[in-house]
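Take a look at the letters that make up each chain.
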Amino acid sequence: IQGSLLRSGPELLSDRLLIKGGKIVNDDQSFCADIYMEDGVIKQIGESLIVPGGVKTIDAHGRMLMPGGIDTHTRFQMPDRGMVSADDFYQGTKAALGGGTTMIIDHVVPEPGVSLITAFEQWREWADSKCCCDYSLHVDITEWHKGIQEDMEALVKDHGVNSFLVYLAYKDVFQLTDAQVYEVFSVIRDLGAIAQVHAENGDIVAEEQQKILEQGITGPEGHVLSRPEEVEAEAVNRSVTVANQTNCPLYITKVMSKSAADVIAQARKKGTVVYGEPIAASLGTDGSHYWSKNWAKAAAYVTSPPLSPDPTTPDYLNSLLSCGDLQVTGSAHCPFNTAQRAVGKDDFSLIPEGVNGTEERMSIIWDKCVVTGKMDENQFVGVTSTNAAKIFNLYPRKGRIAVGSDADLVLWDPDVTKIISAKTHHSTVEYNIFEGTEVRGGPLVVISQGKIVLEEGNIHATEGSGRFVARKPFPDYVYKRIKARSRLAELRGVPRGLYDGPVCEVSVTPKTMTPSSSAKTSPAKQPNQPVRNLHQSGFSLSGAQVDDNIPRRSTQRIVAPPGGRANITNLG
Amino acid sequence: MAERRGNWDKAEDDLPVYLARPGTADQVPRQKYGGLFCSVEGAFESKTIDFDALSVGQRGSRTPRTAGRETGQEAQSPVSDNKISPEGNVSPRVGIRTSGGKEVLPRDRSDRLLVKGGRIVNDDQSFHGDIYMEDGIIKQIGDNLIVPGGVKTVEANGKMVIPGGIDIHTHFQMPYRGTTTVDDFAQGSKAALAGGTTMIVDHVIPDPGCSLMEAYDQWRQWADEKTCCDYSLHVDITHWNDSVKQEVDTLIKEKGVNSFQVYMAYKDYYQMSNSELYDVFTFLAERGGIAEVHAENGEIIAEEQARMLQMGITGPEGHVLSRPEELEAEAVFRAITIASQTNCPLYVTRVMSKSAADIISQARKKGNVVFGEPITASLGTDGTHYWSKNWAKAASFVTSPPLSPDPTTPDYLNTLLSSGDLSVTGSAHCTFSVAQKAIGKDDFTQIPEGLNGVEERMSLVWDKAVTSGKMDENMFVAVTSTNAAKILNLYPRKGRIAVGSDADLVIWDTDCIRTITAKTHNSAAEYNVFEGMELRGAPQVVICQGKIVLEDGNMHIIAGVGRFIPCSPFPDFAYKRIKARKQLAVLRAVPRGMYDGPVSEFSMSRGGTPSASARTSPTKQPVRNLHQSGFSLAGNPALCGEPIIFVYETS
């Protein structure tokens, strides 16, 4: 390491930087060239660049230079029942930079009852004051009514948000019904955003939790027992179905099990626009630790969907990630410290959920996928950075080394080995779920916004330097196909003559309607309220009809069908 | 009924000892007393050489044929029936006669029947043998049976004799908004018998909020009055609470119902939430019932229907457009997931699409206990007719889940049926007249759903699956009869030709070709969804409860003779595996020392909109709400946020 870095020039212009002799790795190709960047933007790429004097220079010595990682899923500083997840935006982004990730996309989780805009602004405030790297925000839809729809429009149009997460789990808290999900997806498609789904069947989970608690299982193993992977696969399948119906692009967060990944792979084969996001934890470890005798350790693995107890899962997910069936990786970094976890010491369903992973993500994927030969360095860049940038419409500003792109780079050392441990990680929590894992491959130098933030193992992060990156709707990568399909998907009725035969009389007794059902109707369809209730809409028929003068029996067998008996022989 | 029973009893008293003996299952019923060459007492009396029996067809040529029976005779008593039978009516292929002979007794022998020279086809093997039945039960099977004299004999002449079909899904006489389906139990079961089906299983549909027991009694009354063949009942669970639970328990224990259907479609009406499904499945798994599902995602359908109507699509094509097959597949997947969690055997009614069938076959490969029921319509026709210019015709195809517009679907489903991935066939016979369908002439969502198929089922499966070489005759018996009997726990009483089984038999003519048309079918509906289809294979003689009900195309049926067949819980076919798994699936907690470190303070204010709690299942006790159960932990109740309100729906 010592020999690889050379500084030249007496006066250091910190916002001008030249990297010489690196192998530039994009998701499509690798080539050797120098890079010159200024004001946080890549200005030149090529050999023998003409640069101003006195520029700080890094000699890469032929090492790989890749676009900085994009962690598509973090939950820094997330409030949960009065507690806040242990890593705030400063700690979290520092850890991210330490692992070679130069951009994070965090989730805004509005409490039900709070407007999306209010929550979004709250998160902006927290992040702007603390983030050390660029960030963007997903917004979670935790309830559904007219106001939410307006908020979503405002967020997409004015606030640079193009992805919304819905929950199929957390019954009675965040969970939405299928009809609500259908409406949310329809709105999302119209706005040109991405629908993200936390895929678990919350109803079944609630029943299972209760069953498990009744059996006297209160420890963290109850968490995974009450959330079997089938329940995850079911929800993935359901959200794929709804997305297909609404022609909405779908993004499954936290793919934790083989079955869920299989469902995504199958759906992609059938042509659905769906993306799967395995996280560092599901790619790097498994759920056997839930049975650890050490309660605090077992609790540290609690996340939803849970890690699969099947120890072959990480390898399987890495394979699917390598073959393109899964596309992006996040970390779902949301650790809680042991005292916070202990809230659920007598009841696993109360343990706050979330694991670490933002720092380890890049190294784990390199170790599990590239070192083992499942993928090459270009694919590595694809799954850690480029695909995420494409899906969320950040490309080519992020996720690519090209002239005009942001100067977020990582000088990657494929040979360095490191043992992950809570003692050395940058997160604040006591346990690291990858404790003791030896990984090969790690960042040597990390450059964020054109500045060196990691070198020789030291992080020079500036609190609050991270910028919010606004994202535009209708990302091409996702919406080109969606647009083509919506043009095709026009349905037409069959033009028929008026049916003028006899019509059976129906009793006017309304179908028993529970009053709660009307409360469940959605805001999105307000204008055509009368049409919406399908069982009621036909009653107009039973009113005055032209043929009221004709006496009718309740059950009428029509001897001569309309058009005459002879019609029957002419049936196609 | 009582009178006839008395008759039988007398007949039994007169029986030789060897016939009074309860039947055994082996197929060597020839009785040998005292060794091979001993003289057997009475042996020759019942084995008089009967030349008439050897000259099949001659009687027919000798005796001038009667002018065929009028349809009016259908409802005649068996006595008059019996008078008619000796007067010929002998088909060139299958002869039915009363043996002449000097030992003819004056007594009515119509409940004794001998089927000679048939090839008996069960689901496991086929073999040649004669069948002797008495009192509606098969008493002997084998060659050269020793039977009492004066027995009516049917010559099968080498044709296949199969167990009568069991149509596991019918909706006869189903009430629909003040009207009923046009085929009542008499008409419907007549059509069933005409097609070779000797038992039907109808669905009891209580209105949401009404008692299951009352609905069951109502259906029993209707069916007992009118059914011409044996029947059994499924009960649909259209709402769920403690009293329904109680009723389900009673139905299983006392009323002979072991299968219950729940709906995942018909939002705000029959549809159940996932939690309710979980509860129902858990309960059924405990009590040994079979959970049946109508699998479609009702929530999305409701949204799609609204969208279609908004786009101005009001005709029957809107029905299929608003119910794409994915929604069926999704619901099947979900139902399987819940069944697997609750370790409950699952039965998916009406498998209409490739995707749904695929999900079932995948689940079976993974070991789930799930059975799929394609229906006559999905095996025989497709959903392209929804676009017919003839509204009435298009509307006659309306059923849910809809027929798939993909014309390769029937072939695919037949293949899966043949490979065993789908297990049984029903018809979901539920016919409405055109006038009834016209309720929805301006709005497809109002069209009453259902189509015909009970009569065509057997022929259609034969034609599509056996004639085409996809399955053999034994598999045919399995999917049309045996598997259904096993699932309902009626096996081997039904679904098998064996000594001691019910005498419900069909002599199957593999070469007969019929053209299906509404003009000749036995249903009361004006349209037949299989109109114009040529089917090879048809029943030649149908024997139900030991009596001939169809011969030479003439039906001799009596409304009201059908008996209710109670089904007992825990059918082995489904529950052997379930029980074994239950023993394995014991979960254990990890023994740990008490955690005595610091604990963060937290509030429980998160979540719990009042409307959400209204959706919790009413069977739950308040203490079982998981999000509430943690209050004790919080220590200081003052920290608690808004109280969670429980709203109970009472029926």
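Not measured: the values here are computed from a predicted model.

Trainee: Explanation requested: the overall build of chain A in the structure shown.
Mentor: When helices and strands are tallied, chain A shows 17 helices and 18 strands. Counting only residues that meet the buried cut, chain A has 62% of its 572 residues in that class. With the model as given, the accessible surface of chain A reaches about 20,100 Å², and the carbon-plus-sulfur share is 51%.

Trainee: Explain the overall build of chain B to me, please; I cannot follow it from the model alone.
Mentor: Of regular secondary structure, chain B possesses 22 helices and 19 strands. In chain B, once contacts between residues fewer than 6 apart in sequence are set aside, the share between residues at least 24 apart is 78%. Taken as a whole, chain B presents about 23,500 Å² of accessible surface, with 53% of it coming from carbon and sulfur.

Trainee: Can you walk me through the environment of A:Y170 in this structure?
Mentor: Inspection of the secondary structure assignment puts A:Y170 in the loop between β11 (163–167) and α4 (178–191). Sequence-wise, A:Y170 and A:G202 are 32 residues apart; in three dimensions their C-alpha atoms are separated by 5.4 Å.

Trainee: Looking at this structure, I do not really get helix α7 (residues 229–246) of chain A. What am I missing?
Mentor: Since there are 3.6 residues in each turn of an α-helix, residues three or four apart along the chain are aligned in direction. Residue and element names in this part refer to chain A. Compared with the 26 Å implied by 1.5 Å per residue over 18 residues, the 26 Å span of α7 between its first and last C-alpha is a close match. Most of α7 sits out of view: 15 of its 18 residues are buried. Positioned one or two residues after α7, N247 has a phi angle of 55 degrees, which is positive.

Trainee: How should I be thinking about the UniProt feature "domain: Amidohydrolase-related" (unreviewed entry) in chain A in this particular structure?
Mentor: Per the UniProt annotation, the sites labelled "domain: Amidohydrolase-related" (unreviewed entry) are residues 64–453 of chain A. The annotated region residues 64–453 of chain A carries 39% helix and 19% strand content, and the separation between its end C-alpha atoms amounts to 17 Å.

Trainee: Would you take a moment to explain the sheet that holds strand β10 (residues 134–141) of chain A for this structure?
Mentor: Within a beta sheet, neighbouring strands are joined by backbone hydrogen bonds and run either parallel or antiparallel to one another. Residues and elements named next belong to chain A. Spatially, the 7 strands line up as an open sheet ordered β6-β9-β10-β11-β12-β13-β14, and their pairing is parallel. Edge strands, defined here as strands with exactly one partner in the open sheet, are β6 (69–74) and β14 (274–278). Ignoring which end each strand starts from, the neighbouring axes of this sheet average 25 degrees apart. Examined bridge by bridge, strand β9 (residues 101–108) and β10 share 6 bridges and lie parallel to one another. Counted as the bridge partner of I104 is Y135 from β10. Across the sheet, α4 lies against β10, β11, β12 (194–198) and β13 (250–255), angled at about 150 degrees from β12, the strand it touches most. Sitting on the sheet, helix α13 (residues 361–370) is in contact with β6 and β9, with an inclination near 110 degrees to β6.

Trainee: What am I meant to see in the packing of aromatic side chains here?
Mentor: How two aromatic rings sit relative to each other is given by the distance of their centres and the angle of their planes. Tallying each qualifying case throughout the model produces 31 aromatic pairs over all chains. Where A:Y170 meets A:F174, the ring centres are 5.9 Å apart and the plane angle is 75 degrees; that geometry is what we call edge-to-face. Between the aromatic rings of B:F371 and B:F573, the centroid separation amounts to 5.5 Å while the plane-to-plane angle is 15 degrees, which identifies the pairing as stacked. Taken together, the positions of B:F371 in strand β15 (residues 370–374) and B:F573 in helix α20 (residues 572–584) put the pair 202 residues apart, joining distant regions of the chain. Through a chain of ring-to-ring contacts, the aromatic side chains of B:Y263, B:Y266, B:Y269 and B:Y270 assemble into a single cluster. Taking the ring centre of B:Y491 as reference, the NZ or CZ of B:K486 above it sits at 5.0 Å.

Trainee: Honestly, the UniProt feature "domain: Amidohydrolase-related" (unreviewed entry) in chain B in this entry has me stumped. Any pointers?
Mentor: As recorded in UniProt, the sites labelled "domain: Amidohydrolase-related" (unreviewed entry) are residues 160–549 of chain B. A helix fraction of 39% and a strand fraction of 19% characterise residues 160–549 of chain B, whose end C-alpha atoms lie 17 Å from each other.

Trainee: Can you help me understand the pairing of strand β17 (residues 451–455) of chain A in this one?
Mentor: Side-chain direction in a regular strand flips from residue to residue, so the side chains alternate between the two faces of the sheet. Residues and elements named next belong to chain A. Here β17 lies mainly inside the structure; 4 of its 5 residues are buried. Sheet topology places strand β16 (residues 438–448) next to β17; 4 bridges connect them, and they run antiparallel. Counterpart to I447 in the pairing with β17 is I452. Pairing between β17 and strand β18 (residues 458–459): 2 bridges, direction antiparallel. Each residue of the ladder has a partner; that of L454, found in β18, is I459. Here β17 folds back onto β18, and the loop between the two strands holds 2 residues, one of which, E456, carries a positive phi near 50 degrees.

Trainee: What's the story with helix α14 (residues 377–391) of chain A in this structure? I'm lost.
Mentor: Residue and element names in this part refer to chain A. Here α14 spans 20 Å end to end across 15 residues, near enough to the 21 Å set by a 1.5 Å rise per residue. Along α14, the sharpest kink reaches roughly 50 degrees, centred on V383. The N-cap of α14, judged by a side-chain oxygen 3.1 Å from the amide nitrogen of N378 a few residues on, is D376.

Trainee: Looking at this model, I keep getting lost on the sheet that holds strand β14 (residues 346–351) of chain B. Mind explaining?
Mentor: Residue and element names in this part refer to chain B. Judged by pairing direction, the sheet is parallel, and its 7 strands sit side by side in the order β7-β10-β11-β12-β13-β14-β15 without closing on themselves. The two strands at the open ends of the sheet, each matched to only one other strand, are β7 (165–170) and β15. If you compare each strand with its neighbour and ignore which way they point, the axes differ by 25 degrees on average. For β7 and strand β10 (residues 197–204), the ladder comprises 4 bridges, and the chain directions are parallel. Opposite G165, over in β10, you have T197 as the bridge partner. Relative to β15, helix α13 (residues 354–365) is tilted by about 155 degrees, and along the sheet it contacts β14 and β15.

Trainee: Just to check I follow, could you spell out the packing of helix α2 (residues 116–130) of chain A against helix α3 (residues 146–158) of chain A for this structure?
Mentor: What describes two packed helices is the angle between their axes and the distance between those same axes. Residues and elements named next belong to chain A. Contact geometry of α2 with α3 gives a least axis separation of 8 Å together with a crossing angle of 45 degrees. Between α2 and α3, the angle falls in the class oblique. Each of L116, I117 and F120 in α2 lies in contact with α3, whose residues at this interface are I148, D151, M152, A154 and L155. In terms of residue class, the contact of α2 with α3 is made up of 7 nonpolar, no polar and 1 charged.

Trainee: Please explain the pairing of strand β12 (residues 259–263) of chain B as it appears in this structure.
Mentor: Residue and element names in this part refer to chain B. In terms of residue burial, β12 counts as a mostly covered element, since 5 of its 5 residues are buried. Alternating residues of β12 divide into S259, Q261 and Y263 and F260 and V262, and every residue in both groups is buried. Of the pairings in the sheet, the one linking strand β11 (residues 230–237) to β12 comprises 3 bridges and is parallel in character. Bridged to D236 within β12 is Q261. For the handedness criterion, the β-α-β arrangement of β11, helix α8 (residues 242–254) and β12 is classed as right-handed. Relative to strand β13 (residues 290–294), β12 runs parallel, the two sharing 5 bridges.

Trainee: Explain the packing of helix α6 (residues 185–194) of chain B against helix α7 (residues 212–226) of chain B here, please?
Mentor: Residues and elements named next belong to chain B. Running from N to C, α6 and α7 cross one another at 60 degrees; their axes reach a closest spacing of 8 Å. On the basis of the axis angle, α6 is oblique to α7. Crossing handedness for the pair α6 and α7: right-handed. On α7, the residues touching F185, A186 and S189 of α6 are W219, W222, A223 and K226. A per-class count over the contact of α6 with α7 returns 5 nonpolar, 1 polar and 1 charged.

The rules we used
Residues numbered from 1 in each chain as written. Chains lettered and ligands numbered in written order. Predicted model: local features only at pLDDT ≥ 70, side-chain atom pairs only at ≥ 80, totals over all residues. Heavy atoms only, no water. Helix = DSSP H or I, 4+ residues; strand = E, 2+ residues; numbered from the N terminus. Buried < 20%, exposed > 50% of the residue type's maximum accessible area, 1.4 Å probe, protein only. Areas by Shrake-Rupley, 256 points an atom, 1.4 Å probe, with all protein chains shown as cover. Contact = heavy atoms within 4.5 Å. Expected span 1.5 Å × (residues − 1). UniProt positions renumbered as here; feature names shortened; annotations may be inferred. Pairing = 2+ DSSP bridges. Axes fitted to C-alpha atoms, helices over the stretch in contact; angles between N-to-C directions. Phe/Tyr/Trp six-rings, centres within 6.5 Å; stacked < 30°, edge-to-face > 60°. Lys NZ or Arg CZ within 6 Å of the ring centre and 35° of its normal. Bend = angle between axes of the 7 residues up to and from the residue. Polar contact = N/O pair within 3.5 Å; in protein donor to acceptor, adjacent residues only side chain to side chain. Parallel < 35°, antiparallel > 145°, perpendicular 65-115°, else oblique. Nonpolar A, V, L, I, M, F, W, Y, C, P; charged D, E, K, R; others polar. Right-handed = clockwise from strand over helix to strand, strands pointing away. Left-handed = near helix turned anticlockwise from the far one by under 90°.

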